[in-house]
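# Topology and contacts: notes
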Amino acid sequence: MLQIKNLHAYYGESHIIKGVSLELNKKETVCILGRNGMGKTTFMKAVIGLLKPKEGQIFLENEDITMFEPFEKVKRKIAYVPQGREIFPYLTVQENLEVALEASNKKVIPDFIFELFPVLKDMLNRKGGNLSGGQQQQLAIARALVSDPKIILLDEPTEGIQPSIIEEIAKVLNILKKEKGISILLTEQVLNFALETSDRFYIIEKGQFVHETTKEQADVQKLKAFLTF
Ligand SMILES: Nc1ncnc2c1ncn2[C@@H]1O[C@H](COP(=O)(O)OP(=O)(O)OP(=O)(O)O)[C@@H](O)[C@H]1O
């Protein structure tokens, strides 16, 4: 459903993403694994349109969306959860979710969001900035779900989060895929989380994919070696 072909992205003159291609199918979770600074965030920014690719193409169900602005991609049901969450710290949980509501055509926050993240229901009046890192990540995913996406892009969702909440987030991602039919493209450094959630893996090094495998065929030791210095 999402096809990325020979994508190149730059910061000014710095060539960061160097000809990356991948396919994300319906009801599939694909994970890009890589160490710090290998280009995961840059790749995600290029896919959602915060950074315009210099070369290559992105197709959503055969429509070329390469140069679309992020809001146009959101309209086409692609949601993005950035690294660091970027929730509004001075708005309450409810207000954070309502901001996303304004951008969608819904009037109320769908109930299933609170079924997935009961903790958010208990904290509706709490300021986003007063939540733990894990709760903020849950809020960020919840906010992405308000727009009823077909595809979710998640940039390092486990970063700075305690293990029990990582486990909860893994469960939610699996529910979203299996029960809601959402396709997920994520970046990670935490291999266990990736193995729990993802069907296929790409290893990124210096802006290029250097290894690709399905979960069934994955050599876990090899994946681990790519992630350690
Ligand atoms: N705004 C920027 N301007 C110039 N270079 C940048 C910018 N942001 C990142 N880079 C460089 O691009 C390269 C890839 O960075 P990127 O943030 O995409 O990596 P990453 O794999 O997401 O790492 P991390 O896990 O640390 O976020 C790094 O060499 C980084 O220094």
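Residues numbered from 1 in each chain as written. Predicted model: local features only at pLDDT ≥ 70, side-chain atom pairs only at ≥ 80, totals over all residues.

Time to look at the UniProt feature "domain: ABC transporter" (unreviewed entry) in the protein chain. The feature "domain: ABC transporter" (unreviewed entry), as annotated in UniProt, sits at residues 2-227 in this numbering. End-to-end, the C-alpha atoms of residues 2-227 are 26 Å apart, and along that stretch the chain is 37% helix and 27% strand. (UniProt positions renumbered as here; feature names shortened; annotations may be inferred. Helix = DSSP H or I, 4+ residues; strand = E, 2+ residues; numbered from the N terminus.)

A few words now on helix α1 (residues 40-48). Judged by how many residues are buried, α1 sits mostly within the fold: 8 of 9 residues are covered. Listing the buried residues of α1 in full gives Lys40, Thr42, Phe43, Met44, Lys45, Ala46, Val47 and Ile48. Two residues or fewer after α1 comes Gly49, characterised by a positive phi angle close to 105°. (Buried ≥ 20, exposed ≤ 12 C-beta atoms within 10 Å, placed from the backbone.)

Attention shifts here to the environment of Leu33. Within the fold, Leu33 resides in strand β3 (residues 29-33). Remark: the alpha-carbon pair of Leu33 and Gln189, spanning 156 residues in sequence, is separated by 5.6 Å. Residues in contact with Leu33, not counting those within four places in the same chain, are Glu188, Gln189, Ala194, Phe201, Ile203, Leu223, Phe226 and Leu227. (Contact = placed C-beta atoms within 7 Å.)

Quick look at the sheet that holds strand β1 (residues 2-11) now. The strand order across the open sheet built from 4 strands is β2-β1-β4-β5, with neighbouring strands paired in antiparallel fashion. Taken across any chain shown, the strands that pair with only one partner, and hence form the sheet edges, are β2 (14-24) and β5 (63-64). Across the sheet, α1 lies against β1, β2 and β4 (55-60), angled at about 65° from β2, the strand it touches most. (Pairing = 2+ DSSP bridges. Axes fitted to C-alpha atoms, helices over the stretch in contact; angles between N-to-C directions.)

This part covers unusual backbone geometry. With a phi angle near 50°, Asn6 is a residue other than glycine that sits in the positive phi range. Of note, Asn6 is situated in strand β1. Look at Glu61: it is not a glycine, yet its phi comes out positive at around 45°. Along the polypeptide, Glu61 turns up in the loop between β4 and β5. Overall, the presence of 11 C-beta atoms within 10 Å leaves Glu61 in the exposed class.

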